[in-house]
Amino acid sequence: MPQQFWKPGTEKPRILEDEEGGVRLPVYKYRTAILYLVETHATTIIVGETGSGKTTQIPQAGWADGGRVIACTQPRRLAVQTVASRVAEEMDVKLGEEVGYTIRFEDVTNPAATMIKFLTDGVLLREIMDDPLLTKYSVIMVDEAHERSISTDILLGLLKKIQRRRPELRLIISSATIEAKSMSDFFQTSKKHRGPEDHGFAPRKVPAILSVEGRGFNVQIHYVVEPVSDYVRATVSTVLSIHEQEPAGDILVFLTGQDDIDAAIQLLTEEAHASRKISSGLIVLPLYSSLPRAEQDLVFSPTPRGKRKVVISTNIAETSLTLEGVVYVVDSGFSKQQFYNPISDIENLVVAPISKASARQRAGRAGRVRPGKCYRLYTEEYFVNEMSSVGIPEMQRSKLVSCVIQLKALGIDNILGFDWPASPPPEAMIRALEVLYSLGVLDDDAKLTSPVGFQAAEIPLDPMISKMILSSNQLGCSEEIITIAAILSIQSIWVSGKGVQKELDEAKLRFAAAEGDHVTFLNVYKGFLQSGKSSQWCHKNYMNYQAMKKVIEIREQLRRTALRLGIVLKSCEGDMLAVRKAVTAGFFANASRLEAFSHNGMYKTVRGSQEVYIHPSSVLFRVNPKWVIYHSLVSTDRQYMRNVMTIDPSWLTEAAPHFFQNLRRPDPIAL
DNA sequence: GAGCACTGC
């Protein structure tokens, strides 16, 4: 590997300790600065990035430090791959040797040679389970820490803990500049001493804060003068005025979801038709994740000369996909966000205002190729005074069942006392502990049970699905159950339904099983295999080929995990009773019963007597069997059960006697 | 007779 690193003594960059307005380093000095810090005193470095633009130089600097491996995490698979290959290229080495990466399903490393390893934060968490002190790494860098995903937050909490046991471990936390100060506070404060009584507490090591300019071009921000009442209409008129008044360059619009996007496209098309001058120049394209792959790819095709591309997108273009050629951004100021109410145990997807950090990220999308402009559909006064600086961490608005089992597996016994970057609501924690207790994954002392608890934690899925897989072993239907598990863990195996609703319903009928959606999935999977995993077959049956390929991949991973756990891979050869009992063993808590004399298909959940209905996408819609269990609830004007299966109520008490005996007054659970 | 922000293991 070429030694192209900083030589000590050549340049000494300034370390910033003030929050705003301090000296900022241009991106090409990253490496110099980090090396300097590593050489001097700091064991933790917070890198605040202003503007957009990624650096690849930090890990190279880290490598020069010790000789042991440096790990660099990213929250997304694509980012891991891109950064890894860019670094390999810059260092002039082969990807997979000195520089490598690991993401789910893909390990491009050579343990004997790899010195810089890129991975998703989820993969690093799995590694901590086998190596709690991460002894093979001397430097760990966490990128995009300001996004505050559950994995990143768990990782930050664990790294802080690991650093107390391994004082020589160096951490580099890369975050948006607005978050740098609070990250630094988190790493220097001991939880026991936090709060009003901590006078006189002196941190042992103060993280160094470093502020760095990104690579992006300058983006000029425009605000509306008066608040807008209808952001879809405001979007359309803004796009039209950019098109009329501004020089060439593509436009990227951020709206909240498919409905908004379709409405905006329709309006824009109508307006464009009214004026031939406009319609000849605009190419309007939607972008969201459930859009079929071929249509998604259209946004990446180069814009023909004399035309202007307008991409109307969800948040997917904020971080996950990067469009080249965008010069103008229109920001509605809203996005859809998940919120979880631990009291009612209901998750809700709602349109909510974005944070300043998101607004800056969106604006940065306009400055990738040359200086750009961002049009914010809210007032400057609102941005300055009312917009919150960062979003609510995912941890505080999600179900925590998977998170809790993972912490238990990592040996964190006192979950409520864990040192989080942001504490989750205690009610959500207690809910999660209850669920895990009822599954038999945790015992009376809230410790993982053996073997079920430890095995469930090994399976990289929701614990209810893991339990279903474990139960399939005794019932002799593991092959069928891991197929169901793989399909339940992706969004949908059908093509998106708009416009082809009737055809889609007919296609579904060809596979429909009286037992419900889970057994229907088995029929679909069988058909797919018999077709030779054919994409034409998928197309003909209104199934999403990409999704089915993913199912195959997940299924393979689950098979390997199952074998490692000693589960016998066995087919029940059509005995659907066994399959349904295994599903019940994981999902007994989601049982509901048709209301007597109900004319509209109203069910009540066994657990909370909530009013619920079978979702119209289910094969059991309008069939309304007396007893069902469901995979999840979606809440709109009503609560709908998605992925529904018929059961015999006697299986419930069989699967979880304790849970149903104590339904009205659950035993308090030891924390 | 409905509705799907986005990741990840």
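Per chain, residue numbering runs from 1 following the sequence as it is written. Whichever chain is written first becomes A and whichever ligand is written first becomes 1, with later ones labelled in order. Local features in this predicted model are restricted to residues whose pLDDT is 70 or higher, and side-chain atom pairs enter the listing and the counts only when it is 80 or higher, whereas totals over whole chains, interfaces and linings include all residues. Heavy atoms throughout the structure, all of them, feed into the side-chain values; hydrogens and water do not.

Where an unreviewed UniProt entry is consulted, chain A appears under the name RNA helicase, with the organism given as Salix dunnii.

The next point concerns the packing of aromatic side chains. In this scheme Phe, Tyr and Trp rings, the latter by its six-membered ring, pair at centre separations within 6.5 Å, and the angle between planes marks the pair as stacked below 30 degrees, edge-to-face above 60, and tilted otherwise. As enumerated under the stated definition, the model contains 11 aromatic pairs in all. Look at Phe-186 and Phe-187: their rings are 5.1 Å apart centre to centre, the planes differ by 75°, and that puts the pair in the edge-to-face class. Accessibility assignment for this pair places Phe-186 and Phe-187 in one class, buried. Between Phe-418 and Trp-420, the aromatic rings sit 4.6 Å apart at their centres with planes inclined by 75°, giving edge-to-face as the arrangement. In this pair, the class of Phe-418 matches that of Trp-420, namely buried. Here the aromatic cluster, defined as three or more aromatic residues joined through ring pairs, consists of Tyr-223, Tyr-378, Tyr-382 and Phe-383. Lysine and arginine charges are scored as sitting over a ring when NZ or CZ, respectively, is within 6 Å of the ring centre and within 35 degrees of the ring normal. Positioned above the aromatic ring of Phe-186, the side-chain terminus of Lys-160 is 4.5 Å from the ring centre. The positively charged end of Arg-376 is found above the aromatic ring belonging to Phe-383, 4.5 Å away from the centroid. A 1.4 Å probe rolled over the protein chains alone gives each residue an accessible area, and that area as a share of the maximum for its type sets the label: buried under 20%, exposed over 50%, partly exposed in between.

What follows is about the packing of helix H17 (residues 463–475) against helix H23 (residues 576–587). It is the contact of H17 with H23, at a shortest axis distance of 7 Å, that shows an interaxial angle of 140°. By the angle between their axes, H17 is oblique relative to H23. Judged by the twist between their axes, the crossing of H17 over H23 is right-handed. Where H17 approaches H23, its residues Met-464, Ile-465, Lys-467, Met-468, Ser-471, Ser-472 and Leu-475 are matched on the opposing element by Ala-578, Lys-581, Ala-582, Val-583, Ala-585, Gly-586 and Phe-587. A per-class count over the contact of H17 with H23 returns nine nonpolar, three polar and two charged. Every axis corresponds to a line fitted to the C-alpha atoms, with the helix fit spanning only the stretch in contact, and the corresponding angles, defined between N-to-C directions, vary from 0 to 180 degrees. Numbered from the N terminus, helices here are DSSP runs of H or I no shorter than four residues, and strands are runs of E no shorter than two. The cut-offs work like this: below 35 degrees is roughly parallel, past 145 is roughly antiparallel, 65 to 115 is roughly perpendicular, and the gaps in between are oblique. Crossing handedness follows the turn of the near helix against the far one: under a right angle anticlockwise gives a left-handed crossing, and clockwise gives a right-handed one. Pairs of residues are marked as contacts when any of their non-hydrogen atoms sit within 4.5 Å. Residues were grouped as follows: Ala, Val, Leu, Ile, Met, Phe, Trp, Tyr, Cys and Pro as nonpolar; Asp, Glu, Lys and Arg as charged; and all remaining residues, including Gly, as polar.

The end-to-end C-alpha distance of helix H5 (residues 150–165), which contains 16 residues, comes to 23 Å, matching closely the 22 Å that a straight helix rising 1.5 Å per residue would cover. Of all the 16 residues making up H5, 12 are buried; the element is thus mostly covered by neighbouring parts of the structure. Within H5 the residues assigned to the buried category are Ile-150, Thr-152, Asp-153, Ile-154, Leu-155, Leu-156, Gly-157, Leu-158, Leu-159, Lys-160, Ile-162 and Gln-163. By this rule the span expected of a helix is its residue count minus one, scaled by 1.5 Å.

This part takes up the pattern of salt bridges. The working definition used for a salt bridge is a side-chain nitrogen of Lys or Arg within 4 Å of a carboxyl oxygen of Asp or Glu. Scanning the model with the defined rule gives 22 salt bridges in all. Here Arg-148 and Glu-179 are joined by a salt bridge, their closest N and O atoms 3.3 Å apart. Here Glu-179 lies in helix H6 (residues 177–188) and Arg-148 lies in the loop between strand E6 (137–142) and H5, a separation of 31 residues in the sequence. Residue Arg-148 is classed as buried on the basis of its relative accessible area, which comes to 9%. Asp-185 is the salt-bridge partner of Lys-181, the closest N and O atoms lying 3.2 Å from each other. Separated by four residues within a single helix, Lys-181 and Asp-185 lie in helix H6, roughly one turn from each other. When its relative accessible area of 32% is taken as the criterion, Asp-185 is described as partly exposed. One salt-bridge network, in which partners are shared between bridges, spans Asp-345, Lys-399, Glu-434 and Arg-607.

A few words now on the protein's contact with DNA strand B. Taken together, 31 residues lie around DNA strand B, and Arg-77, Ser-289, Pro-460, Gln-501 and Thr-636 are the ones closest in. By atom count, sugar and phosphate contribute 57% of the portion of DNA strand B lying within 4 Å of the protein. Contacts described as polar in this section are N or O atom pairs within 3.5 Å, which, within protein, must combine one atom able to donate a hydrogen with one able to accept it, while residues neighboring in sequence count only if both atoms come from side chains. Residue Asp-637 places a side-chain N or O atom 3.2 Å away from a phosphate oxygen belonging to DNA strand B. Those elements that place two or more of their residues in the surface near DNA strand B are helix H4 (121–130), strand E14 (334–341) and helix H19 (501–511). Ranked by residue count, the leading element in the surface near DNA strand B is H4, at three residues. In this text, near means that some heavy atom of the residue lies within 4 Å of the molecule or strand in question.

In this description, a nonpolar core means a group of buried Ala, Val, Leu, Ile, Met, Phe, Trp, Tyr and Cys residues linked to one another through side-chain atoms lying within 4.5 Å. Of all hydrophobic cores here, the largest spans 112 residues; its most connected members are Ile-140, Ile-154 and Ile-469. The start and end points of each domain follow an automatic or database-based domain assignment. Counting only domains with at least three residues in this core, you end up with domain 1 (27–195 + 202–213) and domain 3 (401–657). Formed by 25 residues, the second largest nonpolar core is a distinct cluster that contains Leu-291, Val-327, Tyr-328 and Val-330.

Omega for the peptide link from Ser-450 to Pro-451 comes to 0°, which places this bond in the cis form. Here Pro-451 shows up in the loop between helix H15 (426–438) and helix H16 (452–458). Positive phi, close to 55°, is recorded for Glu-144, a residue that is not glycine. With respect to the helices and strands, Glu-144 occurs in the loop between E6 and H5. Given the relative accessible area of 13%, Glu-144 is considered buried.

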